[in-house]
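# Secondary and tertiary structure notes
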Amino acid sequence: MNDKDVLALQDQRLAAMAARDYGKLAAMIHDDLVYTHTHSGVDSKASWLEGMTSGRVTYTSSRMSDRKVRLYGDTAFITGAGVVDVVVSGQPRVLKLRFLEAWTKTPQGWKFVAWQSTFIPA
């Protein structure tokens with residue numbers, strides 16, 4: 001695994017979210033996912049996927065920048081900034097944020113295990 005491979009995993013995850021390919025997305029996610037939103041809410045794998053599959057939350061696009069990868073054995077961290085277009089309960093939102101994303105190697109391959117984001121003030 002190298003930096004390009006890790007960034008490709010993130011790109012695949014974001015593409016699956018925008019395409020609403022929740023089967024592909026679910027296969028990429030670790031069962032112990034901790035997804036911490038910019039509003040400080042926290043989701044598990046099940047609750048995060050349920051928000052999307054129910055239609056309550058629809059991610060339409062994500063543009064990441066300033067991405068840096070740090071590899072530590074079977075764990076990879078990505079930091080950076082992003083602009084995420086999302087529709088929450090019918091209301092479109094544009095989220096400008098900084099993030100920390102974590103992946104871990106499992107017997108089934110690399111899995112998305114954590115997300116933490118913070119708003120970038122306007």
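See above for the structure.
Residues numbered from 1 in each chain as written. Predicted model: local features only at pLDDT ≥ 70, side-chain atom pairs only at ≥ 80, totals over all residues. Heavy atoms only, no water.

## Describing helix H1 (residues 3-19)
The terminal C-alpha atoms of H1, which comprises 17 residues, lie 24 Å apart, in line with the 24 Å expected from a rise of 1.5 Å per residue. If you check which residues of H1 are buried, you get Val6, Leu7, Leu9, Gln10, Arg13, Leu14, Ala16 and Met17. For H1, the N-terminal capping position is held by asparagine 2, with its side-chain oxygen 3.0 Å away from the main-chain nitrogen of lysine 4. One or two positions beyond H1, positive phi appears at arginine 20, with a value near 60°. (Helix = DSSP H or I, 4+ residues; strand = E, 2+ residues; numbered from the N terminus. Expected span 1.5 Å × (residues − 1). Buried < 20%, exposed > 50% of the residue type's maximum accessible area, 1.4 Å probe, protein only. Polar contact = N/O pair within 3.5 Å; in protein donor to acceptor, adjacent residues only side chain to side chain.)

## Observations concerning the packing of aromatic side chains
Summed over the entire model, instances satisfying the criterion amount to eight aromatic pairs. Each ring, one from tyrosine 35 and one from phenylalanine 112, has its centre 6.3 Å from the other, and the planes form 80°; the classification is edge-to-face. Residue tyrosine 35 is found in strand E1 (residues 29-36), and its partner phenylalanine 112 is found in strand E6 (residues 109-119); the two are separated by 77 residues along the sequence. Accessibility assignment for this pair places tyrosine 35 and phenylalanine 112 in one class, buried. The ring centre of phenylalanine 112 lies 4.2 Å from the NZ or CZ of arginine 13, which sits over that ring. (Phe/Tyr/Trp six-rings, centres within 6.5 Å; stacked < 30°, edge-to-face > 60°. Lys NZ or Arg CZ within 6 Å of the ring centre and 35° of its normal.)

## Describing unusual backbone geometry
Positive phi, close to 50°, is recorded for aspartate 66, a residue that is not glycine. Of note in this structure, serine 89 is not a glycine but carries a positive phi near 50°. Here serine 89 shows up in the loop between strand E4 (75-88) and strand E5 (91-106).

## Examining the sheet that holds E6
In space, the six strands of this open sheet follow the order E2-E1-E6-E5-E4-E3, with mixed pairing throughout. If you trace the sheet from one side to the other, it starts and ends with strand E2 (42-43) and strand E3 (57-72), each paired once. Note: E3 against E4, 13 bridges, orientation antiparallel. By the bridge assignment for E4, valine 69 is matched with isoleucine 78. Packed onto the sheet, H1 meets E1, E3, E4, E5 and E6 and runs at close to 170° relative to E3. In the packing of helix H3 (residues 45-53) onto the sheet, the strands contacted are E1, E2, E3 and E6, and the crossing angle to E1 comes to about 75°. (Pairing = 2+ DSSP bridges. Contact = heavy atoms within 4.5 Å. Axes fitted to C-alpha atoms, helices over the stretch in contact; angles between N-to-C directions.)

## Topic: the pairing of E5
Here E4 pairs with E5 via 14 bridges, running antiparallel. Directly across from alanine 76, in E5, lies its bridge partner tryptophan 103. Linking E4 back to E5 in an antiparallel pair, the connection comprises two residues, with serine 89 at a positive phi of about 50°. Summarising the sheet, E5 and E6 pair through 10 bridges and their orientation is antiparallel. Along E6, the bridge assignment pairs glutamate 101 with tryptophan 115. Hairpin remark: E5 followed by E6, antiparallel, with two residues in the connecting loop.

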